[in-house]
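Tertiary structure, described
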Amino acid sequence: MRKASRLSRFNVASLALGLAFLYLPILILVIYSFNASRLVTVWGGWSLRWYHEFFNDRAMIEAAWMSLRVAVSSATIATLLGTLAAVALSRGERFRGRTLFSGMLYAPLVMPEVITGLSLLLLFVALNAERGFWTVTIAHTTLTMCFVAVVVQSRLGSLDRSLEEAAMDLGCDPVRAFVSVTLPLIAPAIVAGWMLAFTLSLDDLVIASFTTGPGSATLPIRIYSEVRLGVKPEINAICTLVIALIAVVIVIASLASKLSSSQGESAAPL
Amino acid sequence: MSARRIFARPARFAAIAPYVWMVLFFLVPFAFVLKISLSQTAIAQPPYEPVFDPMAGWDALKAALAALSFDNFRLLASDDIYMFAYLRSLTVAVTATALLLLIGYPIAYGMARLPKRWQAVAMVLVIVPFWTSFLIRIYAWINILQHDGLLNQILLALHLVSQPVVWLSTDSAMYIGIVYSYLPFMILPLYATLAKMEPALEEAAADLGAPPWQVFWLVTFPLSLPGVGAGALLCFIPIVGEFVIPDLLAGSNSLMIGQTLWLEFFTNKDWPVASAAAVVLLAVLLVPLLLYERLQKRQLEQGR
């Protein structure tokens, strides 16, 4: 077979080194979260001490709760809006203001977060909005709906459109054709989009720092202020819990896309 | 009328809600940044002199226009700190993008040459770190790079150094952090173009007697340029405005523009200057942003 011989030793080495580079630091962080010693660098045997410490840290728990609420609400709104945007862009043909629309949707994907955060804060201040849960949720929705739109749009683009057209030839109106044919086919991408939005929101430090108010810090904001003071084993434990949560989310997302995408292509480009 | 056109009409209505949302929370806020960048700093809450009161009518508008001041931009242009910050941001972004390309290319190339089954697995493995928190990944490196961290322990044990090396608060630490965080963004577009490439082209070149490096340089690399461009833009643009990585890993003697903006805003509470810095940052990034948007549009709207 030609395929096997195409892989040179150099290819294998760069793959192995690359993956090791991506995974070892996280693995080390997780292992040290179970370290009994207070010194992060000295191994003192296995222990759950730092997890215990975290669960007794009221401020941390409150921040984690705030982050979870923001992540769930913003991911849900973002999935709704992002899916609508993707449908309009990939099925709407030409419409007035389309270029501006797609521009506004793609720009936040790479826009430095300091700019997005600062501009939203200035808006909230001008509107005299009370900063806290809702302002952070709106800010995260704005960022993450763009990611959802891209994920869903790429799925819609790879879909066989004759299926929708067949449904309409058989007498479905467009809305019915969309709901009963298109929607089930793009469902895995929508699920993947929600998961991506959820993890992005859970992860965000910069935009949340700008848009939150006093007394309602998110988990990354708390972690950040602790990390600036140095390495603490409790932080390793929190980080490990977040990684575990995200791992569960990824497993669900990939199961969802496997269950309903029999067309071979993976749903999420990101 | 074709089914496709009939379908398009209600699909357009789907744009309304996200359109309104993006105008309100993405476009309009920029107008505020622009406006406040032209205001005077004030010791108040919020800490700027409002330039324009929409309720006061036409005369107020004229007065407001007269009061607009470019002082903040003049300050940015005259104070070396800001010039250095912009220059440093660009230097860091160019260097880091080059490093990412150098490190990411062999990995993407290796992925594209795997058997099909394994390509999907490798892609998931590259994507997963992107899903895990940015901050956590930087924190993981602080663990490794600190004074008595794992890297120094290994170096000492191997007798490669006689004393612990200072890694934290250096540019090397920052570059490690940037490369680590942005590597998936570089690998994925590269892999996408390399995987689509026809293997027969490389084989033909080899059959005609080209040595491997020539095959790569004359056939593979030129054909992968769209991926190189996409990966480079996807990394370069956010790195220019990066805040967290330089803040946690680099030293504090030379700041990037994202850090100066943050400092002006949170520490000095000088909102107008921070806004002016954001406007300049946006202006610097305008060309790469437009390039990126065209690329993204082409990729998503003309099928993959």
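Residues numbered from 1 in each chain as written. Chains lettered and ligands numbered in written order. Predicted model: local features only at pLDDT ≥ 70, side-chain atom pairs only at ≥ 80, totals over all residues.

**Observations concerning the overall build of chain B**
Filter applied, for reference: Helix and strand assignments follow DSSP, with helices taken as H or I runs no shorter than four residues and strands as E runs no shorter than two, numbered in order from the N terminus. In this description, a residue-residue contact is defined by the distance between C-beta atoms placed from the backbone, which must lie within 7 Å.
Looking only at helices and strands, chain B features 15 helices and zero strands. A separation threshold of at least 6 residues defines the contact pool for chain B, and within that pool the share at least 24 residues apart is 70%.

**Quick look at the overall build of chain A**
Keep this limit in mind: Once C-beta atoms are placed from the backbone, each residue is buried if 20 or more other C-beta atoms lie within 10 Å of its own, exposed if 12 or fewer, and partly exposed for counts between those two.
Counting its secondary structure elements, chain A contains 12 helices and zero strands. Seen in sequence order, chain A has helices and strands lined up from the N terminus as α-α-α-α-α-α-α-α-α-α-α-α. Here the C-alpha coordinates of chain A stretch approximately 70 × 65 × 30 Å along the principal axes. Relative to its full complement of 270 residues, chain A shows a buried share of 50%.

**As for the packing of helix α5 (residues 98-110) of chain A against helix α2 (residues 16-37) of chain B**
Spelled out, the test is: Axes here refer to lines fitted to C-alpha atoms; in helices the fit is confined to the stretch in contact. Angles between the N-to-C directions go from 0 to 180 degrees. Comment on the angle field: the value is read as roughly parallel under 35 degrees, roughly antiparallel over 145, roughly perpendicular from 65 to 115, and oblique elsewhere. Crossing handedness is read from the near helix: turned anticlockwise from the far helix by less than a right angle, it gives a left-handed crossing, and turned clockwise, a right-handed one. Lys, Arg, Asp and Glu make up the charged group, whereas Ala, Val, Leu, Ile, Met, Phe, Trp, Tyr, Cys and Pro make up the nonpolar group; the residues left over, Gly among them, are polar.
Following both chains from N to C, one finds α5(A) and α2(B) inclined at 55°, their axes separated by 10 Å at the closest point. With respect to each other, α5(A) and α2(B) are oriented oblique. Classified by chirality, the crossing of α2(B) by α5(A) is left-handed. Residues F101(A), M104(A), L105(A) and P108(A) of α5(A) form the contact with α2(B), whose participating residues are Y19(B), M22(B), F26(B) and L27(B). Residues of the contact of α5(A) with α2(B), tallied by class, amount to eight nonpolar, no polar and no charged.

**A word on helix α7 (residues 134-145) of chain B**
All names here are of chain B. The condition that has to hold: To estimate the expected span of a helix, count its residues, drop one, and scale the result by 1.5 Å.
Between the first and last C-alpha of α7 there are 17 Å, a value that for 12 residues agrees with the 16 Å anticipated at 1.5 Å per step. Across the 12 residues of α7, 12 count as buried, placing the element largely inside the fold. Restricting attention to buried positions, one finds in α7 the residues F134, L135, I136, R137, I138, Y139, A140, W141, I142, N143, I144 and L145.

**Thoughts on the interface of chain A and chain B**
Taken together, the contacts link 79 residues of chain A with 84 residues of chain B. Taken together, the residues of the side of chain A that touches chain B sort by class into 55 nonpolar, 15 polar and nine charged.

**Observations concerning the environment of S33(A)**
Residues and elements named next belong to chain A. Mapped onto the elements, S33 comes out in helix α2 (residues 9-33). Classification of S33 by C-beta neighbours within 10 Å gives buried; the count is 24. Through-space distance from the C-alpha of S33 to that of L81 is 38 Å; in sequence the pair is 48 residues apart. Sequence-distant contacts of S33, that is, excluding residues within four places in its chain, are made with W50, P233, N236, A237 and T240.

**Topic: unusual backbone geometry**
Residue and element names in this part refer to chain B. Unlike most non-glycine residues, S169 shows phi in positive territory, near 60°. One non-glycine residue, K269, lies in positive phi territory at about 50°. By the secondary structure assignment, K269 is in the loop between α14 (257-267) and α15 (271-301). On the basis of neighbour counts, which here come to 15 C-beta atoms within 10 Å, the residue K269 falls in the partly exposed class.

**Looking at the environment of L202(A)**
Looking at where L202(A) falls in the secondary structure, it is placed in helix α9 (residues 174-203). As a C-alpha pair, L202(A) and R69(A) span 133 residues in sequence and 9.4 Å in three-dimensional space. Sequence-distant contacts of L202(A), that is, excluding residues within four places in its chain, are made with S67(A), A71(A), V242(A) and S133(B).

**Overview of the packing of helix α6 (residues 116-131) of chain B against helix α9 (residues 171-196) of chain B**
All names here are of chain B. One way to put it is that α6 packs onto α9 with a least axis distance of 9 Å and a crossing angle of 160°. Comparing their axes, α9 and α6 come out roughly antiparallel. The handedness of the crossing between α6 and α9 is left-handed. Residues Q119, M123, V126, I127, P129 and F130 of α6 pack against P184, I187, L188, Y191 and A195 of α9.

**Examining the confidence of the model for chain B**
How we decide: Within a predicted model, pLDDT stands for the predictor's per-residue confidence, ranging from 0 to 100.
Averaged over every residue, the pLDDT of chain B is 84; residues scoring 70 or more account for 89%. Of the two predicted TM-score estimates for the complex, the pTM is 0.86 and the ipTM is 0.86.

**Here's the deal with helix α7 (residues 133-157) of chain A**
Residues and elements named next belong to chain A. Rule in force here: To get the bend at a given residue, fit one axis to the seven residues ending there, fit another to the seven starting there, and take the angle between those axes.
Taking 1.5 Å of rise per residue, 25 residues should cover 36 Å, and α7 covers 35 Å from first to last C-alpha, within 8% of that figure. Along its length, α7 reaches its greatest deviation from straightness, about 25°, at T142. Most of α7 is tucked away: 22 of the 25 residues are buried.

**Observations regarding the confidence of the model for chain A**
With 92% of its residues at a pLDDT of 70 or more, chain A has an overall mean of 85. Considering only residues more than four positions removed or in separate chains, one finds that residues 262-270 of chain A, a stretch of pLDDT under 50, has 20 contacts.

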